[in-house]
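Observations on chain architecture
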Amino acid sequence: MQLLFDLQNWIVYGLSLVALGVEAWAVIDCVRRPTDAFTAAGKRTKGFWLAVTVVAALLGVVSLGAIPGLLGIIGVIAAGVYLADVRPALDQVTGRGRADGPYGPW
């Protein structure tokens, strides 16, 4: 029975490390972006998104190794919103994204 408990602990710890990595990736990406690109993409300001991603990363540090609670889930969702919504919009504005589809021009 102890082996199963230890396995569960290692899985939770691994998943919280992955979540912290995603949150850190969001912070690093946000820091590297130019300030004007956020407003040009029609998103909130860089300061707002930097605060959101830093708070998400701090929540990830707090919930590291613990059973994912509400705070840990909020942190992952906040980082996920930045990476899934804001980052692609910034890529389009700064020219880092694709101008065409994944299989060529549409």
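What you are looking at is a predicted structure, and each value in this text was computed from that prediction instead of being measured.

As a further point, take the overall build of the protein chain. Secondary structure assignment for the protein chain yields four helices and zero strands. If you list the helices and strands of the protein chain from N to C, you get α-α-α-α. Taking 106 residues into account, the globule formula puts the C-alpha radius of gyration at 13 Å, and the protein chain, at 17 Å, lies well above it. Taking the principal axes of the C-alpha coordinates as reference, the protein chain spans close to 55 × 35 × 20 Å. Scored against the burial criterion, the 106 residues of the protein chain give a buried share of 29%. Considering only contacts within the protein chain whose residues lie at least 6 apart along the sequence, 70% involve residues at least 24 apart. By element, 70% of the accessible surface of the protein chain is carried by carbon and sulfur atoms, the whole surface being about 7,000 Å².

For the rest of this paragraph, the subject is the pattern of salt bridges. For the coordinates displayed, the defined rule picks out four salt bridges. Measuring nitrogen to oxygen at the nearest pair gives 3.2 Å for the salt bridge that ties Arg33 to Asp29. Considered together, Arg33 and Asp29 belong to a single accessibility category, that of buried residues. Here Asp91 ties to Arg33 by a salt bridge, and the two come within 2.9 Å at their closest N and O atoms. With Asp91 in helix H4 (residues 70-94) and Arg33 in the loop between helix H1 (2-32) and helix H2 (35-40), the pair connects residues that are 58 residues apart, well separated along the chain. Assigned by exposure class, Asp91 and Arg33 land together as buried. A network of salt bridges, in which partner residues are shared, links Asp29, Arg33, Arg87 and Asp91.

Let us look at the nonpolar core. Side chains of nonpolar character tend, in soluble globular proteins, to be buried together. Core analysis: the biggest nonpolar cluster contains ten residues, these being Ala26, Cys30, Ala37, Phe38, Trp49, Ala79, Tyr82, Leu83, Val86 and Leu90. Elements with a contribution of two residues or more to this core: H1, H2 and H4. Among the elements that take part in this core, H4 stands out by supplying five residues, more than any other. Excluding anything up to four places from it in sequence, Ala26 contacts Thr53, Ala79, Tyr82 and Leu83.

Of the volumes computed, that of the largest pocket is approximately 150 Å³. Where the lining of the largest pocket is concerned, the elements lending two or more residues are H1 and H4. The element that contributes the greatest number of residues to the lining of the largest pocket is H1, accounting for six residues. Split by residue class, the lining of the largest pocket holds nine nonpolar, four polar and one charged.

Conventions used here
- Residues numbered from 1 in each chain as written.
- Predicted model: local features only at pLDDT ≥ 70, side-chain atom pairs only at ≥ 80, totals over all residues.
- Heavy atoms only, no water.
- Helix = DSSP H or I, 4+ residues; strand = E, 2+ residues; numbered from the N terminus.
- Rg over C-alpha atoms; globule rule 2.2 N^0.38 Å.
- Buried < 20%, exposed > 50% of the residue type's maximum accessible area, 1.4 Å probe, protein only.
- Contact = heavy atoms within 4.5 Å.
- Areas by Shrake-Rupley, 256 points an atom, 1.4 Å probe, with all protein chains shown as cover.
- Salt bridge = Lys/Arg side-chain N within 4 Å of Asp/Glu carboxyl O.
- Core = buried A, V, L, I, M, F, W, Y, C linked by side-chain atoms within 4.5 Å.
- 1 Å grid on protein atoms, 1.4 Å probe; cavity = no way out; pocket = protein on both sides within 12 Å on 5 of 7 lines; lining within 4 Å.
- Points joined across faces, edges and corners; volume = space filled by probe spheres on them.
- Nonpolar A, V, L, I, M, F, W, Y, C, P; charged D, E, K, R; others polar.

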